[in-house]
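Single-letter residue listing:
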Amino acid sequence: MIIEMNNISKVYQTGNVEFAALKEINLKLKRGDFVAIVGPSGSGKSTLMNLIGCLDLPTKGNYLLDGREVKHLSSNELAEVRNKKIGFVFQAFNLLPYATAFENVELPLLFAGVKSKNRKERVHEILEKVGLSDKMENKPTEMSGGEMQRVAIARAMANDPEIILADEPTGNLDSKSGAAIVDLFKELWKSGKTIIVITHDEKIAGQLPRIVKLKDGLIESNGYAN
Amino acid sequence: MRTALTMFGVFWGTCSIVLLFAFGKGITEQQIKDQKGMGDNIAIIWPGVTSMEFQGLPTGRRIRPTEDDVVLIKKKSSALSAISPEYRDGSVTIKFKKESRRRSLFGVWPEFGDMRNIIPDEGSRFINERDMAEKRRVVFIGNRLKEDIFGEEEAVGERVLIDNMPFTVIGVMKVKKQNSSYSGRDYRNAYIPSSTFQSMYSRRYVNNVVVQTKPEISMEVTKSQIFEIMGAKYKFDPTDRETLSIWDTTKGIAFLKDFFRAFRYFLIGIGIATLITGGIGVSNIMNIVLEERTKEIGIKMALGAKKGMILFQFIFETLIITGVGGVFGFLFAYGIVKAFPLLQLGDFVGTPSVDVWGSVMVIFVLGIVGLVAGYFPAKRAANLQPVQALKLF
Ligand SMILES: Nc1ncnc2c1ncn2[C@@H]1O[C@H](COP(=O)(O)OP(=O)(O)O)[C@@H](O)[C@H]1O
Ligand SMILES: [Mg+2]
């Protein structure tokens, strides 16, 4: 099991109000899984994804990532996990606005301490893979949504992580750009990555081998297609 | 954007403070220089009247120094660096060809010139010892007087008539700034050797005496010595300060220095206020960019940046920004200061000069403010979970 969550709860506190976004969830994912997380808005999909990606810590429960208990990791160890093991793709892209495509993709390599020459090679390689060799020096403001999301995916792939997480990666895109993104994920999956995608789009979810359905912070269904 | 804003804040703060102090210093120095136009460390002594009984002698006796007294004081006083009697005729006719003026004529010693900051212009000289010894009919004239009767023509070597007696012009005063005097501005006057003056007018008493103390000695010491010497000769109480009327110009300088010290504190006050304003500006800018910065920190952490890396980068960035802003602010102010004399306003404000250490301190303070204002929010953001940093705004 690459991901193993036992009785995971996440409670948000806003002032005096507590809100349980996840309620004692159990979830196990195998290496090489390709999972769609679906469910109505507010059901806790993003919350779950952020916990999986170590962008946030659970309020209660155990999360074993590749056999290691996440809550026992130091902040630097967590940083390393986020840097090397996980690639995160956000719905809002979250690119640095003043940096070029090249510089955005370079960031995780920089944090990993990769040497300048190797960084350059690697960035060129991935940007080519996502079909953006000619947009290397463009800033996010000079790109379309589909292009920005491909930069974000390239960035997530930079350190060749085992797990790729994408929170509604096609939510801000037209269907054609969305389809291209989905194709990219399929390719990555074929190369052996574990991929988890949140989506509202039934058509996209339907193409994936496994679907986890959330509702009100609980897993409603969880199973493989055929 | 935030880089530009912060940099501008530091630039502006540095620039205004450097300028403030440069001009403050220039004005101060110029005013002190003008005040010294009459002479450095000098006092003027006029006759007076005794106000205390002394060894049976009554009050109300007039004490009037003679040239012999001046010789005596010069011999006996150790505190003096120079002394000269000053005879004056307030209305003589000075004539060259068709031009003539009614002006003051002074009989003085050679050291009078240096002491009173009356410097001969190029190609001319002040009265010397031989003029004195030989009672030569030579005259040194103020620069305005020269213009009045000679116009653009060369004056040195020419003959003028002073009350119908021929005199040779030996020197013209170099233009100077003088903002105080006791018998008209020097540039209007004519000076001849006291010996020559006496051969024409045979005065018993001098009008006044000018003394200069050695720079390391207080004028008070000199004055006491003069009262002692004169008191012994004319039998009056040396503590009776009414016997001679003395204008101690060093008091004026001291006052001016005090005034400008106060002025300086005032400037420092403004400087600190400016610094605080600048600091508030810089920290406000830091707050404006906090949102952008927090989000950026969130993104970087999500991509695996370590806390230390983020903070290091932040500090480095701030230092560069303040450094560049400060250096440009300094250079800009420096440019203005250097270009300023071209405007020819030197008369009142003097020549501003830049205080390098003050500038370094300003840049340093603004840098620290920027760092503190930006560092803590950045640190707080870096201590959050990445998602919290991303969602903070
Ligand atoms: N930082 C937060 N503070 C308080 N409530 C939150 C926070 N983040 C999410 N929530 C709440 O938790 C619930 C689940 O949110 P989320 O996981 O984003 O849902 P989804 O991605 O499925 O739409 C929502 O009701 C949301 O309002
Ligand atoms: Mg969501």
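Before reading further, recall that the structure is shown in the block above.
What you are looking at is a predicted structure, and each value in this text was computed from that prediction instead of being measured.

Asker: Mind laying out the layout of surface pockets, listing which residues take part and the relevant values?
Answerer: If you add up the space inside the largest pocket, you get close to 380 Å³. Mapped by element, the contributors of at least two residues to the lining of the largest pocket are α1 (45-52) of chain A together with α9 (290-302) and α13 (386-391) of chain B. Sort the elements by how many residues they give to the lining of the largest pocket and α13 of chain B lands first, with 4 residues. By volume, the second largest pocket is sized at about 310 Å³. For the second largest pocket, the lining is made up of 15 residues, of which L107, L110 and F111 of chain A together with K300 and Q313 of chain B are closest to its centre. Mapped onto the lining of the second largest pocket, the elements with two or more residues apiece are α3 (101-111) of chain A together with α9 and α10 (307-339) of chain B. For the lining of the second largest pocket, the element with the highest residue contribution is α3 of chain A, accounting for 5 residues.

Asker: Can you explain the sheet that holds strand β5 (residues 68-69) of chain A? Please cite residues and give values.
Answerer: Residue and element names in this part refer to chain A. Pairing is antiparallel in the open sheet, where 4 strands are placed in the order β2-β1-β4-β5. Looking at which strands have only one partner, the edges of the open sheet turn out to be β2 (17-29) and β5. In this fold α1 packs onto β1 (3-14), β2 and β4 (60-65), with an angle of close to 120° to the strand it touches most, β1.

Asker: Report on the pairing of strand β9 (residues 208-213) of chain B, specifying residues and quantitative values.
Answerer: All names here are of chain B. Within β9, 6 of the 6 residues are buried, which leaves the element mostly enclosed by the surrounding structure. Neither face of β9 is left uncovered, since the one carrying N208, V210 and Q212 and the one carrying V209, V211 and T213 both have all their residues buried. As paired elements, strand β1 (residues 42-49) and β9 share 4 bridges and run antiparallel to each other. Paired with I42 across the two strands is Q212, which belongs to β9.

Asker: Give me unusual backbone geometry: which residues, what numbers.
Answerer: Its identity as a non-glycine residue notwithstanding, N7 of chain A has a phi of 50°, on the positive side. With respect to the helices and strands, the residue N7 of chain A is situated in strand β1. Even without a glycine there, the phi angle at S202 of chain B is positive, about 45°. Looking at the element boundaries, S202 of chain B is found in the loop between α6 (194-201) and β9.

Asker: Can you tell me about the sheet that holds strand β6 (residues 86-89) of chain A, naming the residues and giving the values?
Answerer: Strand pairing in a sheet is mediated by backbone hydrogen bonds. Such pairs are either parallel or antiparallel. Residues and elements named next belong to chain A. Reading across the sheet, the 6 strands line up as β6-β7-β8-β3-β9-β10 and stay open at both edges, with mixed pairing between neighbours. In this open sheet, the two edge strands, each paired with only one partner strand, are β6 and β10 (218-224). The average angle at which neighbouring strand axes cross in this sheet is 15°, direction not considered. Bridging between strand β3 (residues 34-38) and strand β8 (residues 194-198) involves 4 bridges; their strand directions are parallel. Across the sheet, V35 pairs through a bridge with I196, a residue of β8. Against the sheet, α1 touches β3, β6, β7 (163-167), β8 and β9 (210-215), its axis set at about 155° to β8. Against the sheet, helix α5 (residues 145-157) makes contact with β6 and β7, and its axis sits at roughly 165° relative to β6, the strand it touches most.

Asker: Go over the site of ligand 1 with me, naming the residues and quoting the values.
Answerer: Taken together, 13 residues lie near ligand 1, and G42, G44, K45, S46 and T47 of chain A sit nearest. Taken together, the residues near ligand 1 originate from chains A and B. Measuring from an oxygen atom of ligand 1, one finds a side-chain N or O atom of T47 of chain A at 2.5 Å. Here ligand 1 loses 67% of its free accessible area of 560 Å² to cover by the protein chains. Secondary-structure elements contributing two or more residues to the shell around ligand 1 are β1, β2 and α1 of chain A. Residue contributions to the shell around ligand 1 peak at 3 residues, all from α1 of chain A. Residues of the shell around ligand 1, tallied by class, amount to 4 nonpolar, 7 polar and 2 charged.

Quick notes on the rules
- Residues numbered from 1 in each chain as written.
- Chains lettered and ligands numbered in written order.
- Predicted model: local features only at pLDDT ≥ 70, side-chain atom pairs only at ≥ 80, totals over all residues.
- Heavy atoms only, no water.
- 1 Å grid on protein atoms, 1.4 Å probe; cavity = no way out; pocket = protein on both sides within 12 Å on 5 of 7 lines; lining within 4 Å.
- Points joined across faces, edges and corners; volume = space filled by probe spheres on them.
- Helix = DSSP H or I, 4+ residues; strand = E, 2+ residues; numbered from the N terminus.
- Pairing = 2+ DSSP bridges.
- Contact = heavy atoms within 4.5 Å.
- Axes fitted to C-alpha atoms, helices over the stretch in contact; angles between N-to-C directions.
- Buried < 20%, exposed > 50% of the residue type's maximum accessible area, 1.4 Å probe, protein only.
- Near = heavy atom within 4 Å.
- Polar contact = N/O pair within 3.5 Å; in protein donor to acceptor, adjacent residues only side chain to side chain.
- Areas by Shrake-Rupley, 256 points an atom, 1.4 Å probe, with all protein chains shown as cover.
- Nonpolar A, V, L, I, M, F, W, Y, C, P; charged D, E, K, R; others polar.

Keep in mind these numbers describe shape, not what the thing actually does.
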